[in-house]
Amino acid sequence: MRVTFRKMFKNVCTFLSCISSGKSGALTLKKCLHSKPNFTKNNYNIIRGNYSHVEEEHLYYFRKLLGETRIVTDLSDLEKYNVDWHKSLRGGSTIVLKPKTTEEVSKILSFCNSNRLAVCPQGGHTGVVGGGTPVFDEVVISTELMNEIISLDEKSGVLTCQAGCILQNVDEYLAEKNLVFPLDLGAKGSCHIGGNVSTNAGGLRVLKYGNLHGNVLGLEVVQANGVILDLLSTLKKDNTGYHLKNLFIGAEGTLGVLTKVAVQCRQRPKSVHVAFLGLQNFHQVLKTFYKCKQDMDEILTAFEVIDTPTMTLVNEKLGMQSPIGDYPFYVLIETSGSNEEHDQEKLDAFLKSCLLKNFILNGTVTGEVGKLKAIWALREKIPQGFAKDGYVFMYDMSLPLHNYYKLVDDMREHMGKLSHRVFGFGHLGDGNLHLNISVQKYTPEIAKHIEPFIFERTVHYKGSVSAEHGMGFLKSKYLGLMKSQESINVMRNIKKMMDPNGILNPYKTLG
Ligand code: FAD
Ligand code: ZN
């Protein structure tokens, strides 16, 4: 059956060799800091809150607590903590603290709170909305030394770790026990579990595992005043009162600093397959998705879409090619399960049926690890291509599927010659669109042409202005587009109660 199916595709055998060498997947993100962005406070005209500046007496306290080696004050060493991954934001922090324990975080926060020093919690600093980048001279609390796995119950799959563990390291540890972390994203080589939880990160396999609200069982959090909140339950079910831990999932460091996380991990799938397909138009993409859900929902892990401009970018800037030639749209489908034969049979039948119905024009399918990674690399490396395409405005929307690509078409029309290219790709299976716009150079005029238009359009299409990246610094002023005034009031009251001096990550989320 599989052979028959394969014969129906053109280029099947040759295409995989076109994709670069099989090295792929996890990216350890290197921050290239040759060109420095302007200070965020100047670019965005932000007024500094009424906080203290870090003085010698504060330094003395921090040195005594952490020692010289766990404090960064050297200007050049501070750069990577002050400049975001896309090099579009720049803070002016003069100090980075690297605690190792919850108790140290507690002492730092208690001291900062008493001295009215603003803080910016930072994980792997891969966030794309500026949540982890200081704006003024906030004290950066980096979790990079809080990287211990505390326990793993191999039977239940419950993992407890410190917040600074790197996602990829945790997943590699779990792989040895035949388990998998229920989250995967392109920045896994650098992002921290605490950062993931604080942004409620989505990524590539939400379709199968759901979002983090369902997978995080417990948290340990240090509050603004230094008091440690032990919410580190490892129970799957616990309906005793308000679900406090959920408040911190996606709070972007504005309500507390996460120090430990307990996560429900899953069995590592025994059989994984990836299909990479070429399609004529977006209508066919949707038909293919609906059929995919109907035919193999129980083994569907990912359904990603990539449009032509995005594939062209990957080709031009990264030298990677579509393995099946050129098509208006591409879809990457991953299935995973426990029975190789069963999964293959289902996928083959589905693909055959899509071909017969003309939903898809061409494609290839593989279950070999190297080839599978090579195909995923096409999708996961897209953000690296943007880094080489002038200045890129990046967006992350949730949309009802019937409106998903309308927004991209609208933006193309709206931008006209002002943009170099408008790209549409993303986690279609979750209704999550990444819409990026590249221009030769950032100008405030172009920025004004794009925003708020793009967000208003998103709301018009009944979508959300942030599907998985959060509000951070860059989107916080658009909160009012998404939430009613009553909801914002409740959010502000929660913030006031938990952080009365407003020291935790100011200028973020609530603005
Ligand atoms: P940071 O960037 O350091 O911080 C993010 C936010 O969390 C900040 O507000 C920060 O203050 C807060 N924070 C960090 N640690 C803590 C803590 N311990 N306690 C309290 N607050 C904390 N995101 C997705 O959702 N899906 C994707 O598919 C995806 N793909 C990406 C691909 C690339 C190449 C890149 C560069 C980014 C991608 N992202 C994606 C965005 C980013 O990786 C995620 O938002 C990630 O979860 C951020 O984790 P981090 O450790 O880097 O956090
Ligand atoms: Zn994404």
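The structure this text deals with has already been given above.
How each quantity is defined
Residues numbered from 1 in each chain as written. Chains lettered and ligands numbered in written order. Predicted model: local features only at pLDDT ≥ 70, side-chain atom pairs only at ≥ 80, totals over all residues. Heavy atoms only, no water. Helix = DSSP H or I, 4+ residues; strand = E, 2+ residues; numbered from the N terminus. Rg over C-alpha atoms; globule rule 2.2 N^0.38 Å. Contact = heavy atoms within 4.5 Å. Areas by Shrake-Rupley, 256 points an atom, 1.4 Å probe, with all protein chains shown as cover. Lys, Arg positive; Asp, Glu negative; His and termini not counted. Charge placed at Lys NZ, Arg CZ, Asp CG, Glu CD. Phe/Tyr/Trp six-rings, centres within 6.5 Å; stacked < 30°, edge-to-face > 60°. Buried < 20%, exposed > 50% of the residue type's maximum accessible area, 1.4 Å probe, protein only. Axes fitted to C-alpha atoms, helices over the stretch in contact; angles between N-to-C directions. Left-handed = near helix turned anticlockwise from the far one by under 90°. Donors = N, O, S within 2.8 Å, 3.2 Å for Na, K, Ca; no water. Near = heavy atom within 4 Å. Polar contact = N/O pair within 3.5 Å; in protein donor to acceptor, adjacent residues only side chain to side chain. Pairing = 2+ DSSP bridges. Disulfide = S-S within 2.5 Å.

*Asks:* What should I look at first to understand the overall build of the protein chain in this one?
*Replies:* Assigned secondary structure in the protein chain consists of 21 helices and 18 strands. Against the globule reference of 24 Å for 511 residues, the protein chain gives a C-alpha radius of gyration of 23 Å, in line with a compact fold. Along the first, second and third principal axes, the C-alpha set of the protein chain runs to 75 × 55 × 45 Å. The contacts in the protein chain between residues at least 6 apart in sequence include a share of 76% that link residues at least 24 apart. A total accessible area of about 21,900 Å² is found for the protein chain, and carbon and sulfur atoms account for 51% of it. Within the protein chain, one finds 59 positive and 51 negative side-chain charges whose respective centroids are separated by 3 Å.

*Asks:* Any chance you could explain the packing of aromatic side chains here in plain terms?
*Replies:* Taken as a whole, this structure holds 19 aromatic pairs when the rule is applied. Here tyrosine 61 and phenylalanine 62 contribute two aromatic rings whose centre-to-centre distance is 6.0 Å and whose plane-to-plane angle is 70 degrees, an arrangement assigned as edge-to-face. Residue tyrosine 61 is classed as partly exposed on the basis of its relative accessible area, which comes to 26%. Assessed through its relative accessible area of 0%, phenylalanine 62 is described here as buried.

*Asks:* Help me understand the packing of helix H12 (residues 282–296) against helix H14 (residues 340–356) in this model?
*Replies:* In a packed pair of helices, the relevant descriptors are the angle between the two axes and the axis-to-axis distance. With their axes 10 Å apart at the nearest point, H12 and H14 run at an angle of 145 degrees to one another. Both H12 and H14 take part in a crossing whose hand is right-handed. Residue-level inspection shows Thr288, Lys291, Cys292, Asp295 and Met296 of H12 in contact with H14, the latter providing Lys346, Leu347, Phe350, Ser353 and Cys354.

*Asks:* I'm lost on the coordination of the zinc ion (ligand 2) in this one. Help?
*Replies:* Each pair of donors in an ideal four-coordinate tetrahedral metal site encloses 109.5 degrees, whereas pairs in an ideal six-coordinate octahedral site enclose 90 or 180 degrees. The protein atoms that coordinate the zinc ion (ligand 2) are His427 (NE2), His434 (NE2) and Glu468 (OE), at distances of 1.9 to 2.1 Å. Each donor residue of the zinc ion (ligand 2) lies on one chain, and together they are spaced H-x6-H-x33-E. Highlighted residues: histidine 434 in strand S18 (residues 432–439) and glutamate 468 in the loop between helix H19 (453–460) and helix H20 (479–482), separated in sequence by 34 residues. The residues histidine 434 and glutamate 468 share a single accessibility class, namely buried.

*Asks:* Would you mind showing me how to read the site of ligand 1 here?
*Replies:* Surrounding ligand 1, one finds 36 residues, the nearest of these being Pro121, Gly123, Thr126, Gly127 and His192. The separation between an oxygen atom of ligand 1 and a polar main-chain atom of glycine 131 is 3.2 Å. A distance of 2.9 Å separates an oxygen atom of ligand 1 from a polar atom in the backbone of glycine 202. Here ligand 1 has 970 Å² of accessible area as a free molecule, and 97% of this is covered by the chains. Mapped onto the shell around ligand 1, the elements with two or more residues apiece are strand S3 (119–122), helix H8 (193–199) and strand S10 (257–264). In terms of residue count, the dominant contributor to the shell around ligand 1 is H8 (five residues).

*Asks:* What is the right way to look at the sheet that holds S10 in this model?
*Replies:* Hydrogen bonding along the main chain pairs the strands of a sheet, whether they run parallel or antiparallel. Overall, antiparallel pairing links the five strands, which are arranged S5-S6-S10-S8-S9 in an open sheet. Each of the sheet's edge strands pairs with one partner strand only, and the pair in question is strand S5 (149–153) and strand S9 (228–231). Along the sheet, successive strands turn relative to each other by an average axial angle of 10 degrees, direction set aside. Against the sheet, helix H7 (residues 167–175) makes contact with S5 and strand S6 (158–162), and its axis sits at roughly 35 degrees relative to S5, the strand it touches most.

*Asks:* Looking at this structure, I do not really get the pairing of strand S4 (residues 139–142). What am I missing?
*Replies:* Across a regular strand the side chains alternate sides, sitting on one face of the sheet and then on the other. Burial of S4 is two-sided: the residues Val139 and Ile141 facing one way and the residues Val140 and Ser142 facing the other way are all buried. Bridge count for strand S2 (residues 96–97) against S4 is two bridges, and the pairing is parallel. Across the sheet, leucine 97 pairs through a bridge with isoleucine 141, a residue of S4. In this structure, S3 lies alongside S4, joined through four bridges in parallel fashion. Looking at the pairing, glutamine 122 lines up with serine 142 of S4.

*Asks:* Just checking my understanding: could you explain the state of the cysteines for this structure?
*Replies:* Disulfides are covalent bonds that link the sulfur atoms of two cysteine residues. Overall, the coordinates contain zero disulfides when judged by the stated rule. The cysteine cysteine 191 is free of any disulfide, with cysteine 165 supplying the nearest cysteine sulfur at 12 Å. No disulfide involves cysteine 354; its sulfur sits 7.5 Å from the nearest other cysteine sulfur, which is in cysteine 292. A relative accessible area of 0% places cysteine 354 in the buried class.

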